[in-house]
Amino acid sequence: VEGQDGGRMEKLQQLMAHYEPNDPESIQKSFARHLEYSLACTRFSFTMQDAYRAAGLVLRDRLLESLNDTNTWYREQDVKRGYYLSAEYLIGRHMQNAIANLDLEQPFKEAFEDLGMKLEDLFGEEADPALGNGGLGRLAACFLDSMATLSLPCWGYGIRYSYGMFKQGIKDGRQIEEPDFWIGDGCPFEIPRPDVTYPVRFYGKVEEAHENGQKVSRWVGGEIVQAMAYDNPIPGFDTYNTNNLRLWRACPSEEFDLDAFSSAQFQDAITQRRKAEDLSAVLYPNDATYAGKELRLRQQYFFVSASLQDLLREFIKRPNFKWEELPQKVAVQMNDTHPTIAVAEMMRLLVDVQKLDWDRAWELTRQCLNYTNHTVMPEALEKWPVEMMERMLPRHLQIIYHINGIWIQKLLQRWGDGPIIAALSIVEEGDVKKIRMGHLAIIGSNKINGVAAIHTEIIKKETFPEFYKWCCDNGEHNKIVNMTNGVTPRRWVHCANPALSEIFTEYLGSQEWLTDMTKLKVMLDYKEDPKLHDKWMAMKKGCKAKLADWLKSTMDLEIDQDALIDIQIKRIHEYKRQLMNILFVIHRYLELKKKSPGERAAVQKRVVLIGGKAASAYVNAKIIIKLINNVAKVINNDPDTKQYLKCAFVPNYCVSAAQVMIPASDISEHISTAGTEASGTSNMKFVMNGGLIVGTMDGANIEIREECGPETMFIFGCQENEVAGISARAQEGHYPIDSRLQAVFDEIRNGKFAGQAEPEAQAEFESIVSRLCNARAAGTWDGDKYLVIYDFPSFIDAQARVDQTYKNKSQWCKLSIQAAASMAQFSTDRTMREYAKVIWGIEPARRPVDEEMQARK
Ligand code: C3B
């Protein structure tokens with residue numbers, strides 16, 4: 001509604017001039033109002049779920065105020081904006097985090113306790129939004145938290161999947177996948193924006209035409225889907241800025257063919273339109289692999305197109321905008337290859353829609369876009385069949401060919417013809433011609449980055465060596481940069497481990513460490529202080545008690561809270577070597593069995609927890625889950641050993657499970673073959689919570705060790721530069737098996753963990769063992785690719801060092817404090833500052849505090 005009719009603006013301005021008050025009573029009032037008027041419950045009859053929803057709406061009111069004002073501020077300041085494009089966001093539950101970041105912990109607690117409700121019970125009612133697979137999606141969520149906390153004017157863009165990551169059940173020891181319709185009851189934190197929609201076209205054809213004497217291309221026909229925005233406010237901690245995660249939902253196109261109403265085609269028309277909604281229906285449950293499915297490319301293009309249209313609209317809305325300002329006002333980050341169709345889409349929007357000439361458009365595109373690589377697994381670098389792209393995105397294929405043509409010309413001029421040209425081409429020749437999205441991303445990007453120091457070096461030398469050569473030849477040594485990952489201390493310390501947060505705040509005299517973790521160095525002065533030790537151990541004990549309660553209620557598992565808690569939680573992957581972990585558990589069990597009851601009592605008690613989801617089509621990963629479950633069953637039921645060793649597969653690992661498990665760990669396993677885990681981020685969370693790492697010299701382990709000191713980590717296994725040699729020798733048959741591992745293999749082959757009772761599982765377990773031992777299978781090597789056999793003896797040694805060190809409780813406590821206090825590098829605040837400075841050129845734009853906000857504090 002426009003205009004100044006009857007002083008409407010002034011009136012509304014007066015009515016709305018004040019923020020919602022934040023004292024406990026006002027929160028209660030707001031709660032009661034939402035309960036009755038938004039949810040249509042009565043104050044006499046509502047469930048805990050209703051209470052959660054009403055509390056969520058109370059928070060949403062406050063988030064909205066801040067989101068709107070932050071946006072106005074960014075616009076007024078005309079700041080450069082950052083846009084994070086990611087197909088995944090593993091955001092986890094909102095409520096506790098929102099309360100903390102809005103600085104409402106005290107009044108909320110008072111308000112609800114006064115009404116006879118515990119906040120934790122409210123938190124427990126929230127579905128855990130799992131719009132991501134694993135580390136990459138969780139990293140994106142931590143980034144959002146830090147961008148807001150640093151007051152960086154950055155938004156996230158993604159897909160509002162109706163079904164997130166599947167729920168993992170375990171039946172007869174095997175993974176079963178159940179749909180996760182997380183949005184079923186609605187999410188009180190999101191804001192549907194029916195007014196923010198964009199058309200996204202698929203299929204159709206390209207027509208050549210002439211406009212003003214210029215040859216132009218028009219993409220016509222096909223089908224159009226509407227992308228509708230759902231906003232998820234992301235509040236910063238200790239700032240008045242609130243950013244936005246804008247997720248797109250696919251809706252049927254608005255034009256409705258009215259003629260069809262009277263015809264028999266009506267049903268068809270409806271069916272067609274409903275099909276549009278399938279686009280954003282489900283998250284692909286693949287982690288570090290890609291399925292090559294058409295729907296997946298459709299999802300990618302869908303959210304990329306809507307996001308770029310949206311950010312360009314914001315850019316164009318600025319008074320007197322000029323195209324050459326685009327790189328001064330916009331930086332885009334492409335999270336892995338998933339959104340890299342953005343390179344072609346940006347070109348299409350600039351050339352076909354905005355009518356810029358090609359060269360100018362290309363300059364702008366290349367200056368605005370950036371690409372992060374998250375894995376060295378070649379199977380994760382997406383490649384789309386040319387045939388598929390030609391059908392679905394015909395104009396984009398033309399654009400990609402054009403980009404490639406110019407690129408190849410440049411290469412030929414520089415180096416002449418040779419194999420390097422084919423290696424660098426965006427188009428992969430072969431039986432099925434494919435578009436290499438990684439190459440498109442690199443060519444179309446300003447900066448490319450890896451996610452840990454070792455990973456960035458591997459990208460340069462092994463993943464994209466030819467590109468690196470090109471960059472160096474061009475004097476662009478800094479085109480590929482390292483941005484070591486991080487995690488947000490707000491969620492992973494403050495929310496997940498309130499007792500630890502209190503200790504830090506007490507010793508530092510303020511909460512400043514939550515925005516500046518270097519402050520925690522002060523704790524090092526107390527690392528040998530018995531008083532701190534008492535508090536620290538009490539904190540761990542409390543976390544273990546919480547874990548024990550949770551395991552009891554979710555899976556009816558009882559654990560000894562005095563045992564050493566050993567955790568491995570992450571996606572199930574051969575390279576992450578959960579297999580090696582469970583083989584070690586078997587070894588430990590066999591050793592215990594050999595001992596007399598008296599000797600056993602001297603052994604360190606351990607509880608080994610393993611959790612994680614396997615991609616639904618990943619056969620070997622699923623067998624590993626089955627093996628873990630079967631081993632657990634034997635060990636936990638053996639009266640000789642069950643007091644000393646317990647093992648369990650914890651089903652349905654997710655963000656909220658991590659928040660309970662991580663604080664309780666004494667050690668955690670980050671045991672990937674050297675050179676395979678790009679970074680890892682749970683390693684950081686564990687150490688921040690005072691857990692120590694058993695790990696290989698891989699990913700971020702290396703940097704964590706540098707920061708915290710080698711004495712805080714139990715390192716084992718071969719180094720990255722040894723892997724190739726060891727593999728080569730293994731293939732030639734020079735691959736000895738340690739006798740202790742041989743004993744484990746024998747036990748498996750003898751049927752201890754499946755046997756005649758489960759012939760299918762027995763065959764699967766045997767096949768896993770024989771593959772490990774396989775020197776050379778016909779042609780391609782399918783043996784112990786991840787060097788489980790090679791690293792096993794040193795893994796045993798590392799575990800023995802763990803037991804030995806753990807005996808001395810005050811020594812352990814000291815190491816735990818030392819490590820936790822040395823983790824400043826691994827806050828995503830540091831990571832985001834680096835991206836902002838080195839890649840994006842974006843400055844913080846902190847909203848000023850006015851008197852009213854000050855008074856509210
Ligand atoms: C992961 C990597 O496997 C981790 O090492 C890394 O810490 C995170 O990304 C974040 O950078 N990853 C993932 O979860 N999914 C992919 N498709 C690729 C990498």
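All of these numbers come straight from a predicted model, not from anything done at the bench.

Scanning the chain for helices and strands turns up 34 helices and 22 strands. A compact globule built from 857 residues would reach a C-alpha radius of gyration of about 29 Å, and the chain, at 28 Å, matches this within 12%. Along the first, second and third principal axes, the C-alpha set of the chain runs to 90 × 75 × 60 Å. Intrachain contacts of the chain at a sequence separation of at least 6 include 77% that bridge at least 24 residues. Counting only carbon and sulfur atoms, one obtains 50% of the accessible surface of the chain, whose full area is about 34500 Å². Of note, the chain has its 103 positive side-chain charges centred 2 Å away from the centre of its 118 negative side-chain charges.

Take the site of the ligand next. In the vicinity of the ligand there are 15 residues, among which Leu136, His374, Asn485, Glu677 and Gly680 approach most closely. At a separation of 3.3 Å, an oxygen atom of the ligand approaches a polar backbone atom of glycine 135. Within the backbone of serine 679, an N or O atom sits 3.0 Å from an oxygen atom of the ligand. In isolation the ligand has 420 Å² of accessible area, and contact with the protein removes 97% of it. Across the shell around the ligand, the residue classes break down as 6 nonpolar, 7 polar and 2 charged.

So, about the sheet that holds strand β10 (residues 330–335). One open sheet holds the 9 strands; their spatial order is β5-β8-β9-β2-β1-β10-β11-β15-β16, and the pairing between them is mixed. Edge strands, defined here as strands with exactly one partner in the open sheet, are β5 (191–202) and β16 (480–482). Averaged over all neighbouring strand pairs, the angle between strand axes comes to 25°, with direction disregarded. By the bridge criterion, 2 bridges tie strand β11 (residues 369–372) to strand β15 (residues 448–450) in an arrangement that is parallel. Looking at β15, one finds that tyrosine 371 is bridged to isoleucine 448. This element, helix α3 (residues 48–77), spans β1 (81–85), β2 (154–159), β5, β8 (223–235) and β9 (242–252) of the sheet and lies at about 100° to β9. Across the sheet, helix α12 (residues 358–368) touches β10 and β11, and the angle it forms with β11 is around 40°.

Quoted interface sizes are often the accessible area lost when the parts come together. Considered domain by domain, the chain is made up of domain 1 (78–93 + 128–477) and domain 2 (490–580 + 596–719 + 805–826). Between domain 1 and domain 2, the residue contacts involve 40 residues of the former and 38 residues of the latter. Regarding the contact of domain 1 and domain 2, the summed buried area is about 3000 Å², with carbon and sulfur atoms giving 56% of it. Taken together, the connections running from domain 1 to domain 2 amount to 2 salt bridges.

One open sheet accounts for 6 strands, arranged β19-β18-β17-β20-β21-β22; its pairing is parallel. The open sheet has two edge strands with one neighbour each: β19 (645–650) and β22 (713–715). Within the sheet, the average angular offset between the axes of one strand and its neighbour, ignoring direction, is 20°. The sheet contact formed by strand β21 (residues 692–695) and β22 spans 3 bridges and is parallel. Bridging across to β22, valine 694 finds its partner in phenylalanine 714. Seen against the sheet, helix α21 (residues 530–555) touches β17 (564–569), β18 (606–611) and β19 and runs at an angle of roughly 60° to β19. Docked against the sheet, helix α27 (residues 701–708) engages β20 (667–670), β21 and β22, running at close to 135° with respect to β22.

Okay, the environment of tryptophan 407 next. The residue tryptophan 407 is located in helix α14 (residues 394–415) in this model. A relative accessible area of 6% places tryptophan 407 in the buried class. Residues tryptophan 407 and leucine 424 lie 17 residues apart in sequence; the distance between their C-alpha atoms is 9.0 Å.

For the structure shown, the criterion picks out 55 salt bridges. The residue arginine 318 makes a salt bridge to aspartate 78 at a minimum N-O spacing of 2.7 Å. Of the two residues, arginine 318 sits in the loop between α9 (294–317) and α10 (326–329) while aspartate 78 sits in the loop between α3 and β1, which places them 240 residues apart along the sequence. With a relative accessible area of 14%, arginine 318 lands in the buried category. Since its relative accessible area comes to 31%, aspartate 78 is described here as partly exposed. Because the salt bridges share partners, they merge into one network encompassing Arg75, Arg81, Glu314 and Lys317.

In the predicted model, the chain carries a mean pLDDT of 95, and 97% of its residues have values of at least 70. Within the chain, helix α34 (residues 851–856) has the poorest average pLDDT of any element, 68, and helix α26 (residues 682–688) the best, 99.

Within the structure shown, the criterion is met by 0 disulfides. Here cysteine 654 stays free of any disulfide, with the sulfur of cysteine 142 as its closest cysteine sulfur at 15 Å.

Our next topic: the nonpolar core. Core analysis: the largest hydrophobic core is formed by 264 residues, its most contacted members being Leu583 and Leu609. Beyond its immediate stretch of four places on either side in the chain, leucine 583 contacts Leu741, Val744, Phe745, Ile748, Leu772, Val788 and Phe792.

What follows is about the packing of helix α29 (residues 739–749) against helix α31 (residues 788–807). In a packed pair of helices, the relevant descriptors are the angle between the two axes and the axis-to-axis distance. Running from amino to carboxyl end, α29 crosses α31 at an angle of 110°, the nearest separation of the two axes being 9 Å. Taken together, the axes of α29 and α31 lie roughly perpendicular to each other. Side by side, α29 and α31 meet where Arg740, Leu741 and Phe745 of the first sit next to Ile789, Phe792, Pro793 and Ile796 of the second. Class assignment for the residues of the contact of α29 with α31 results in 6 nonpolar, no polar and 1 charged.

It is the contact of helix α22 (residues 578–594) with α31, at a shortest axis distance of 10 Å, that shows an interaxial angle of 60°. With respect to α31, the element α22 is oriented oblique. Helix-helix and strand crossings are classified by hand; for α22 and α31 the assignment is right-handed. The residues of α31 that touch α22, namely those facing Met580, Asn581, Leu583, Phe584, His587 and Arg588, are Val788, Asp791, Phe792, Phe795, Ile796, Gln799 and Asp803.

This structure, assessed with the given rule, holds 29 aromatic pairs. With centroids separated by 5.0 Å and ring planes inclined at 75°, the aromatic side chains of phenylalanine 31 and phenylalanine 112 adopt a geometry described as edge-to-face. Of this pair, phenylalanine 31 sits in helix α2 (residues 24–38) while phenylalanine 112 sits in helix α5 (residues 105–114), and the two are 81 residues apart along the sequence. With respect to class, phenylalanine 31 is no different from phenylalanine 112; both count as buried. On the basis of an interplanar angle of 85° and a centroid distance of 4.8 Å, the ring pair of tyrosine 806 and tryptophan 812 is categorised as edge-to-face.

Attention now goes to the pairing of β19. Successive residues of a regular strand alternate their side chains across the two faces of the sheet. Counting buried positions over the 6 residues of β19 gives 5, a clear majority of the element. Inspection of the sheet shows β18 paired to β19 by 6 bridges, in the parallel sense. Counterpart to valine 608 in the pairing with β19 is cysteine 647. Between the parallel elements β18 and β19, the chain passes through helix α24 (residues 619–636) in a crossover that is right-handed.

What follows covers helix α17 (residues 453–463). Among all positions of α17, only Ile454, His455, Thr456, Ile458, Ile459, Lys460 and Thr463 are buried. Considering only its buried residues, α17 is in contact with β15, α18 (465–473), β16 and α27.

Taking 1.5 Å of rise per residue, 20 residues should cover 28 Å, and α31 covers 28 Å from first to last C-alpha, within 8% of that figure. Where α31 bends most, the angle comes to about 30°, and this point is serine 794. What α31 keeps buried is the set Val788, Ile789, Asp791, Phe792, Phe795, Ile796, Ala798, Gln799, Val802, Asp803, Thr805 and Tyr806.

Let us now look at unusual backbone geometry. One non-glycine residue, arginine 577, adopts positive backbone phi at about 60°. Tracing the sequence through the fold places arginine 577 in the loop between β17 and α22. Not every positive phi belongs to a glycine, and asparagine 652 is a case in point at roughly 55°. Relative to the elements of secondary structure, asparagine 652 occurs in the loop between β19 and α25 (655–661).

On to the side chain of glutamate 314. Structurally, the position occupied by glutamate 314 is in helix α9. Among the polar contacts made by the side chain of glutamate 314, one reaches the side chain of arginine 81 at a distance of 3.3 Å. Discounting chain neighbours no more than four positions away, the residues touching glutamate 314 are Arg75, Arg81 and Tyr83.

Each value, and the rule that gives it
- Residues numbered from 1 in each chain as written.
- Predicted model: local features only at pLDDT ≥ 70, side-chain atom pairs only at ≥ 80, totals over all residues.
- Heavy atoms only, no water.
- Helix = DSSP H or I, 4+ residues; strand = E, 2+ residues; numbered from the N terminus.
- Rg over C-alpha atoms; globule rule 2.2 N^0.38 Å.
- Contact = heavy atoms within 4.5 Å.
- Areas by Shrake-Rupley, 256 points an atom, 1.4 Å probe, with all protein chains shown as cover.
- Lys, Arg positive; Asp, Glu negative; His and termini not counted.
- Charge placed at Lys NZ, Arg CZ, Asp CG, Glu CD.
- Near = heavy atom within 4 Å.
- Polar contact = N/O pair within 3.5 Å; in protein donor to acceptor, adjacent residues only side chain to side chain.
- Nonpolar A, V, L, I, M, F, W, Y, C, P; charged D, E, K, R; others polar.
- Pairing = 2+ DSSP bridges.
- Axes fitted to C-alpha atoms, helices over the stretch in contact; angles between N-to-C directions.
- Domains from an automatic or database assignment.
- Buried area = accessible area lost by both parts, 1.4 Å probe.
- Salt bridge = Lys/Arg side-chain N within 4 Å of Asp/Glu carboxyl O.
- Buried < 20%, exposed > 50% of the residue type's maximum accessible area, 1.4 Å probe, protein only.
- pLDDT = per-residue confidence, 0-100.
- Disulfide = S-S within 2.5 Å.
- Core = buried A, V, L, I, M, F, W, Y, C linked by side-chain atoms within 4.5 Å.
- Parallel < 35°, antiparallel > 145°, perpendicular 65-115°, else oblique.
- Left-handed = near helix turned anticlockwise from the far one by under 90°.
- Phe/Tyr/Trp six-rings, centres within 6.5 Å; stacked < 30°, edge-to-face > 60°.
- Right-handed = clockwise from strand over helix to strand, strands pointing away.
- Expected span 1.5 Å × (residues − 1).
- Bend = angle between axes of the 7 residues up to and from the residue.

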